[in-house]
There are 2 protein chains.
Amino acid sequence: MIRVLVADDHAVVRAGIVALLDEHDDIDVVGQAADGLAAVEEARRLRPDLVVMDVRMPGATGDEATARIRAELPGTRVLILTTYETDATILAAIEAGASGYLLKAAPADEIVEGVRSVARGETALSPAIAAQLVARLRAPAPVELTARELDVLRLVAAGCSNRVIGERLFIGEATVKSHLLKAFEKLGVHDRTRAVTLAMERGLL
Amino acid sequence: MIRVLVADDHAVVRAGIVALLDEHDDIDVVGQAADGLAAVEEARRLRPDLVVMDVRMPGATGDEATARIRAELPGTRVLILTTYETDATILAAIEAGASGYLLKAAPADEIVEGVRSVARGETALSPAIAAQLVARLRAPAPVELTARELDVLRLVAAGCSNRVIGERLFIGEATVKSHLLKAFEKLGVHDRTRAVTLAMERGLL
DNA sequence: GCCTCCCTCCACCGATCGGTGGAGGCGGGG
DNA sequence: CCCCGCCTCCACCGATCGGTGGAGGGAGGC
């Protein structure tokens, strides 16, 4: 019997997962949580075999909750459910210790089978997610921007000129340009606008 | 007895809505559909009192499907479920004839009550959605960009210079600038980068 | 101690952009 | 028919940006 805790801020999705899982005799949904903090608390109390969790939740995000659960409860595994295959949090969640990452759009049996796999100690990845991962691994430099580069880029996105950005951040205009050029280089881009849109696509902004 | 058709591309969400609705004696889920086209066909076949539909679906988007259903089946009402309260499709769906617009994050009883309201011929709006609507109505100019302005803005977002945009669209550089200036004016903005981020926020891009 | 990375700053240049003030053509609605 | 909105284009200007080639200081790792 696989004891499962379901965590999702959407009542509809929660009900859906429960409905899908509960109709199988080998799976028992023992609890539900509507946000990240509640998920951690319920996991602590119920000690389920498995937590099925949304990535985006109020309170604590899916990856934060995952990290805490994995740290406190070594016997509890985490299976992440996400809406978007391009979600920038995929890596974060897996680094936090998630054992699986499935799309909400996946057919019902794939989700049920994912739950069983993870409960057995295996890993469950949606094909689209797996493709994302290998694509990221293929990219040698995962593009990491420094804190300052992100500061500057955020203000660029807000429509500030280099001079104004300098004033806001209490640095010289030359420094702003220097950060921007660094960021352009890292992103493989030649202008501020594309830098902003790309950073947004990558979930960096 | 309210006969309901549920349309959503996510199996999980479909199961959730069905689970929420089916436990009430006055509601009968008579069918399901996994995309917009199937929703229209099933509605045609089953003639339900109500279609509960996601906005974003493959095949036909929620508002297209809504328009078709409303045109063909005057006895069938449509209740839209969305994930994001800032969804740019709110207006489109309501113009297409939807009788309600609820958030997936809404508590279960609010969704059930919404179904009953719409079946009675009333309108059901989540508070957050209603707030969005009045905010839009308050704004005298809803910011509508022309097709050409959007063409240009999309290429700006891709990092193209005005000259390159001109080449791609087979127009002069001066024309590109003229479209951009128009767009800046409409968006209340003074630079291309902010224009792009704002257009993205507004769901125009 | 040394090396690397990040942050800071400077001067200079050509290219591009933002903005002004026009112009004409073309299609739809009153 | 006339007006209005959209699309197209022109010339010109100052401001800003992208890019080069530096420089120094401070924090952290080996």
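Residues numbered from 1 in each chain as written. Chains lettered and ligands numbered in written order. Predicted model: local features only at pLDDT ≥ 70, side-chain atom pairs only at ≥ 80, totals over all residues. Heavy atoms only, no water.

Q: I'd love a proper account of the protein's contact with DNA strand D, names of residues and values included.
A: Within the structure, DNA strand D sits among 18 residues, and Arg163 and Lys177 of chain A together with Thr146, Gly172 and His179 of chain B are positioned closest to it. Within 4 Å of the protein, the contacting atoms of DNA strand D are 70% sugar and phosphate, with bases supplying the remainder. Between DNA strand D and the protein, one listed contact pairs a phosphate oxygen with a backbone N or O atom of Asn162 of chain A at 3.1 Å. The separation between a phosphate oxygen of DNA strand D and a polar side-chain atom of His179 of chain B is 2.9 Å. Looking at the surface near DNA strand D, the elements with two or more residues in it are helix H8 (162–169) and helix H9 (173–187) of chain A together with helix H7 (147–157) and helix H9 (173–187) of chain B. For the surface near DNA strand D, the element with the most residues is H9 of chain B, which contributes four residues. Partitioned by chemical class, the residues of the surface near DNA strand D number five nonpolar, eight polar and five charged. (Near = heavy atom within 4 Å. Polar contact = N/O pair within 3.5 Å; in protein donor to acceptor, adjacent residues only side chain to side chain. Helix = DSSP H or I, 4+ residues; strand = E, 2+ residues; numbered from the N terminus. Nonpolar A, V, L, I, M, F, W, Y, C, P; charged D, E, K, R; others polar.)

Q: Please provide a residue-by-residue account of the relation of the copies chain A and chain B, values included.
A: With an RMSD of 0.3 Å, the operation that places chain A on chain B is a rotation of 180° combined with a shift of 0.2 Å along the axis. This pairing of chains is accounted for by a two-fold axis. Taking the C-alpha atom as reference, chain A places Gly16 of chain A closest to the rotation axis, 1.6 Å from it. Comparing interface residues between copies, 100% of those in chain A also sit at the interface in chain B, which points to an isologous, same-surface contact. (Least-squares fit on C-alpha atoms with pLDDT ≥ 70 in both. Contact = heavy atoms within 4.5 Å.)

Q: Run through the protein's contact with DNA strand C, naming residues and quoting values.
A: What surrounds DNA strand C is a group of 18 residues, the closest being Thr146, Arg148 and Gly172 of chain A together with Arg163 and Lys177 of chain B. For DNA strand C, the fraction of protein-proximal atoms (within 4 Å) that sit in sugar or phosphate groups is 71%. Within the side chain of Thr146 of chain A, one N or O atom sits 2.5 Å away from a phosphate oxygen of DNA strand C. A distance of 3.0 Å separates a phosphate oxygen of DNA strand C from a polar backbone atom of Arg192 of chain B. Every element with two or more residues in the surface near DNA strand C is listed here: helix H7 (147–157) and H9 of chain A together with helix H8 (162–169) and H9 of chain B. The dominant element in the surface near DNA strand C, judged by the number of residues it contributes, is H9 of chain A, at four residues. A class-by-class count of the residues in the surface near DNA strand C yields five nonpolar, eight polar and five charged.

Q: So what about the sheet that holds strand S5 (residues 100–103) of chain A? Which residues, and what values?
A: All names here are of chain A. Pairing is parallel across the open sheet formed by six strands, whose spatial order is S2-S1-S3-S4-S5-S6. Edge positions in the sheet fall to strand S2 (27–33) and strand S6 (124–125), since each of these pairs with one other strand and no more. Across six bridges, strand S1 (residues 2–7) lies against S2 in parallel orientation. Residue pairing across strands places Ile2 opposite Ile27, the latter belonging to S2. (Pairing = 2+ DSSP bridges.)

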